[in-house]
Structure formats: C-alpha cells, structure tokens
Amino acid sequence: MLSEANVNKTILPGATIGVLGGGQLGRMLAQAGSCMGYRFVTLDPTPDAPCGQVAAKQIVAAYHDADAARELANLADVITYEFENVDAGVAEMLMKESYVPQGSQLLYTTQHRLREKRAIEAAGVRVAPYEQIESAGQLRAAVERFGTPCVLKTATGGYDGKGQWVIRSIEETDEAFATLSQAKTELVLEQFIHFDKEISVIAARSPKGEVKAFPAAENVHVNNILHLSIVPARVPADVLAKAEQLAVQIAEGLGVVGLIAVEMFLTKEGELFVNELAPRPHNSGHYTMEACQTSQFEQHVRAICNLPLGPTALMTPVVMVNLLGEHVDPAVQYIAQEQQKDHPDVTVKLHLYGKQEAKKGRKMGHLNLLAGNVEKALAWVEQSDIWKQ
Ligand code: AMP
C-alpha cells in the first residue's frame, strides 16, 4: 500500500527515472519519457543494451547485484522495471533506498501463477478452472476430472509457452509431471479453454487512483510468440467493453500503479477468462505507439510519476507485426519495395530495438501498420512470404 504522502507525490519532468532491465520495453519507455523531459538510467547485464543506447547512463551489472541496484537507486528519483522476475531482495532494497511507486506486492503476485490466479479471482474476475498439483497421483486424478486436453504449467519461470505441457491423454501425465517437476516450483493444472480468440487489454493506474484502459487487442501467436496484434479486435462491441472493464477491475482490485497487461481467452460463447497478467508495458500494447492518443510507454511514465493519465482512444485501425531475427532483413526489403508503389492504404511504421544479433525467434523490432481498416493492414502482411511458416 502506498503511504498517504506517496498517493499525492508527483515526479515532475527533469527528474531521473531508473529502469531495472535494459531491453526493448525499457528503450521505448525511455524514448517516450525523454520526450516528456525525464532523464533515464538503466541497469542491465548486457553492455550497450537497447535501453542503454537511449538512456543517459547504463549500469552494466547482473539484476541481482545489490551494489549495482543501490547505484541505480542513488541516481534515480523514481524506479520502475521492465520485467516481472525482479529478485525479491533487490526489490526490497530499492524500496528502502529509493522511490518505487509500483511497490513489490504486485511483483510478488505476478511472479507466481497460483498467487496471480488467486488475486485475479479476489478481484472478481474469472480464470480457467485450475488446481495446484503436488504429486503424479493427484495430477492423474485432476486430468481425469478436467478431461483432456488440459495444460500443466510451472508456477514460476515460464514465458512464451515455456514451462508448460499440454496433456492430450491420461498416459502422458507421469511424463509431464516428471518433466515439469524438474523446475522445482509449484505446478498448476488448468482446464484447456477452446478459445475463439486471444485478446489483451492494458490498463494504467496512478498512485492517486486514476485508471484508464487502452482498446483491447486481438492477438495472434505463432509458436507461442506474439505475431500480430489487431486493433480494433474483431469481436462484438459488448465483449470489448467487458474486457476493458475487467482490466480496470483488476487494476483497481490489485492496487496497481503503472501498467498492467491483462491477457484473456475469449470463447465462441462470448465468455472471457483471464490467462495472465504482466505488470509492465507489453508487446501487445506496441500498437498504441502510433495508433492511440497516448502510447502505453507515455502512459506508464505518467502513471508512475502521478501525472494525469493521457487519453487512450484509438485514432486509426492498426495491425502490429513482430519482427523476429529471421524477419528483419526481408521485412526491411519488403517495406522499401512496397514504398516504391503507390500504397495510400497502409502506412508502415518501423521500430527496431538496436539489438546486435538477429537470432532466430529473438524479438528485434516491430511494425505498426496504420490503415483505413484492419483487413487492408492484414492483406499487406499476408501478401508477403516473410511471416509464412
Ligand atoms: P501462457 O504462457 O500462459 O501465456 O500460455 C501461452 C499460450 O498457451 C497461450 O497464449 C495460449 O495460446 C496457450 N494456453 C495457455 N493456457 C491455456 C489454456 N488453459 N487453454 C488453452 N490454451 C492455453
């Protein structure tokens, strides 16, 4: 809980924002915040990290290095983070030595699937039916009850589909249990949701309690990595309104400060189940950079600094396309070639994160395709072979 003094504390432009983590999310945060007059310092173990390239200073050190974190605290007026697996000891030390308006409770909750699900339910929002699993025998019984397929997940450390096993038959349960148990964390079994669409909503909340949600994005994943965000999402207006309201409910229920990304499954029947939360800017919010009145990055700065939140309305239909290592060179060529043509329908905004090595599957950048409607932007993607499997 923020103290009374911090509820009203405002961090004005000119102040320095410290960012734990120097990846692309930190970079785009620093780019947006620099425009607003803030200075940035980041901590990341990789020299010349994406955020380090645009910040006033990068401290090159491991995330759990207490001395380096103290240096970050001393240089910054306010601290934020761009990933949720912040070491608990470091978070506590930063809270003591500096000002961390987001606190450590939200990190503690979202670092662990079971805690996260309980918090979402406590906020009055549905998640897929689940059960904590402690033995192979219990898993077998739960799989029989849930039916197949169902999904076994590690409570911590999983991302982009890692740390999970889709159990398709009862015979797989022992192997699934043995494999995921190696992660040495609690396990959770979830009912498989036969979703029609995956959508996400990003909401922001400031210490003084102002809350605003961005329009819901329809997300398409390939190999468990986000491929496209389509906005407006192609779902009925009442479902969109409901999804946005659920994100606000979660932001308020969890006392969020800063951004919270809420990933949801939408069934054919129009039911919404929250899958995951991320207490930070999110890949599915990159579309806001050119398509909304305020970007998610500007909104995060506004929220943690306790400035009035910006308006979130969508100014144009948009499709965000991720550029992985294998996509960058052909995509840059494709954009150049398309620019020769008269293409009044689609405006292409290219964002690259300044990463040196374009490894396969590594997020190197993204495109925001602005168009009169999302079909035109999707046609632009589909007429190229770059993103075909
Ligand atoms: P996660 O790591 O929880 O974000 O899951 C990665 C992806 O796996 C999701 O984006 C879904 O496509 C799929 N998935 C995860 N959990 C479930 C579930 N309970 N039912 C159906 N699909 C799921």
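Structure: above.
Described in the following lines is the structure provided in the data block. (Residues numbered from 1 in each chain as written. Predicted model: local features only at pLDDT ≥ 70, side-chain atom pairs only at ≥ 80, totals over all residues. Heavy atoms only, no water.)

A word on the pairing of strand β8 (residues 187-191). Burial of β8 is extensive: four of the five residues sit out of reach of the surface. Across four bridges, the pairing between strand β5 (residues 130-133) and β8 is antiparallel. For Ile133, the partnering residue across the bridge sits in β8 and is Leu187. Note: strand β6 (residues 150-154) against β8, five bridges, orientation antiparallel. Counterpart to Thr154 in the pairing with β8 is Leu187. (Buried < 20%, exposed > 50% of the residue type's maximum accessible area, 1.4 Å probe, protein only. Helix = DSSP H or I, 4+ residues; strand = E, 2+ residues; numbered from the N terminus. Pairing = 2+ DSSP bridges.)

Moving on, we come to helix α2 (residues 24-35). Between the first and last C-alpha of α2 there are 17 Å, a value that for twelve residues agrees with the 16 Å anticipated at 1.5 Å per step. Among the twelve residues of α2, nine are classified as buried, and the element is accordingly described as predominantly covered. Those residues of α2 lying buried are Gln24, Leu25, Gly26, Arg27, Met28, Leu29, Ala30, Ala32 and Gly33. A positive backbone phi angle near 100 degrees is found at Gly37, which sits one or two residues after α2. (Expected span 1.5 Å × (residues − 1).)

Summarising burial for strand β17 (residues 363-371): nine of the nine residues are buried, a large majority. Of the pairings in the sheet, the one linking strand β15 (residues 318-324) to β17 comprises seven bridges and is antiparallel in character. Bridge pairing in β17 links Leu323 to Gly365. Bridge count between strand β16 (residues 346-352) and β17: seven bridges; the pairing is antiparallel. Opposite His351, over in β17, you have His366 as the bridge partner.

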